[in-house]
Amino acid sequence: MRPLPTDYAPFYETYVSLVKSDDIKQAFSASLADMENFLQSIPENKSDYAYAENKWTVKQVLQHSIDAERVFAYRAMCIARGEEQSLPSFDENQYAENAAVEHRSLNGLKEEMLLLRKSSVALFENFTDSMLQAKGIASNKSITTLSLGYIIVGHWQHHQNILAERYLG
């Protein structure tokens with residue numbers, strides 16, 4: 001089952017549309033090997049490369065992907081567990097400014113990204129259908145747990161595509 005366009009804010013369609021599978025658990029499982037292969041292909045000498053002025057470096061893109069996946073997975077867990085409070089937004093640029101990736105190694109970021117994805121896979125594997133259909137509020141918008149799964153998988157795919165085309169191509 002796929003989320004309906006009414007299950008998430010229109011902004012997220014960019015990410016949801018990148019996920020071709022109609023089974024979120026299969027999409028997560030398949031994403032892990034693809035992510036691992038892609039991350040291994042990023043050479044160390046590209047760590048601090050940005051394709052244009054005022055664009056994030058490779059390490060910043062990876063840190064952003066980690067931060068966003070953590071936030072989206074937290075939201076999914078909260079909504080699946082019946083949270084009724086509105087979950088806060090996050091400012092990706094503020095997070096990037098405060099991440100201090102200059103003190104991080106590329107390999108450390110790759111390892112963290114893979115560990116986080118394994119955690120997300122485990123989280124979603126254990127959601128029941130009713131948990132996946134649960135609705136909550138995040139960033140002042142209605143969203144389902146299932147939608148957040150598609151957003152997580154699609155968000156990384158979006159950034160992987162950008163890394164491949166603009167950073168490594």
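Note that the structure is predicted; figures quoted are calculated from it, not measured.

### Quick look at the side chain of Lys110
Here comes step 1: By the secondary structure assignment, Lys110 is in helix H5 (residues 106-125).
Here comes step 2: Although Lys110 lies buried, it forms no salt bridge, and the closest oppositely charged side chain, Glu44, sits 6.0 Å away as judged by the N-O distance.
Here comes step 3: A polar atom in the side chain of Lys110 sits 2.8 Å from the backbone oxygen of Ile42.
Here comes step 4: Residues in contact with Lys110, not counting those within four places in the same chain, are Leu39, Gln40, Ile42 and Leu62.

### Describing the nonpolar core
Grouped burial of nonpolar side chains is what soluble globular proteins tend to show.
Here comes step 1: Ranked by internal contacts, the top residues of the largest apolar core, which has 33 residues, are Tyr12, Ile24, Phe72, Phe124, Ile143 and Ile151.
Here comes step 2: Contributions of two or more residues to this core are made by helix H1 (13-16), helix H2 (24-40), helix H3 (58-80), H5 and helix H7 (145-167).
Here comes step 3: The dominant element in this core, judged by the number of residues it contributes, is H3, at eight residues.
Here comes step 4: Non-local contacts of Ile24, meaning those with residues more than four positions away in its chain, are made with Phe124, Leu132, Leu146, Gly149, Tyr150 and Val153.
Here comes step 5: Leu32, Phe38, Val61 and Ala96 belong to the second largest nonpolar core, which has 20 residues in total.

### Here's the deal with the packing of H3 against H7
Here comes step 1: Look at H3 against H7: their axes get within 8 Å of each other, and the N-to-C directions meet at 175 degrees. Here H3 lies roughly antiparallel to H7, going by the angle between them.
Here comes step 2: For the contact of H3 with H7, the class distribution of residues is 15 nonpolar, five polar and two charged.

### Points about the pattern of salt bridges
Pairs may arise between side chains of opposite charge once their charged atoms sit close together.
Here comes step 1: On inspection of all chains with the given rule, the structure shows six salt bridges.
Here comes step 2: Among the salt bridges present, the one from Asp7 reaches Lys135, with a minimum N-O distance of 3.9 Å. Remark: Lys135 occurs in strand S1 (residues 135-138) and Asp7 occurs in the segment before H1; sequence separation between them is 128 residues.
Here comes step 3: Residue class for Asp7 comes out buried when judged on its relative accessible area of 7%.
Here comes step 4: Between Arg117 and Glu69 there is a salt bridge, and its shortest N-O distance comes to 2.7 Å. Pair noted here: Arg117 is in helix H5 and Glu69 is in helix H3, with a separation of 48 residues, a long-range link.
Here comes step 5: Through salt bridges with shared partners, a single ionic network connects Arg70, Arg104 and Glu112.

Quick notes on the rules
- Residues numbered from 1 in each chain as written.
- Predicted model: local features only at pLDDT ≥ 70, side-chain atom pairs only at ≥ 80, totals over all residues.
- Heavy atoms only, no water.
- Helix = DSSP H or I, 4+ residues; strand = E, 2+ residues; numbered from the N terminus.
- Buried < 20%, exposed > 50% of the residue type's maximum accessible area, 1.4 Å probe, protein only.
- Lys, Arg positive; Asp, Glu negative; His and termini not counted.
- Salt bridge = Lys/Arg side-chain N within 4 Å of Asp/Glu carboxyl O.
- Polar contact = N/O pair within 3.5 Å; in protein donor to acceptor, adjacent residues only side chain to side chain.
- Contact = heavy atoms within 4.5 Å.
- Core = buried A, V, L, I, M, F, W, Y, C linked by side-chain atoms within 4.5 Å.
- Axes fitted to C-alpha atoms, helices over the stretch in contact; angles between N-to-C directions.
- Parallel < 35°, antiparallel > 145°, perpendicular 65-115°, else oblique.
- Nonpolar A, V, L, I, M, F, W, Y, C, P; charged D, E, K, R; others polar.

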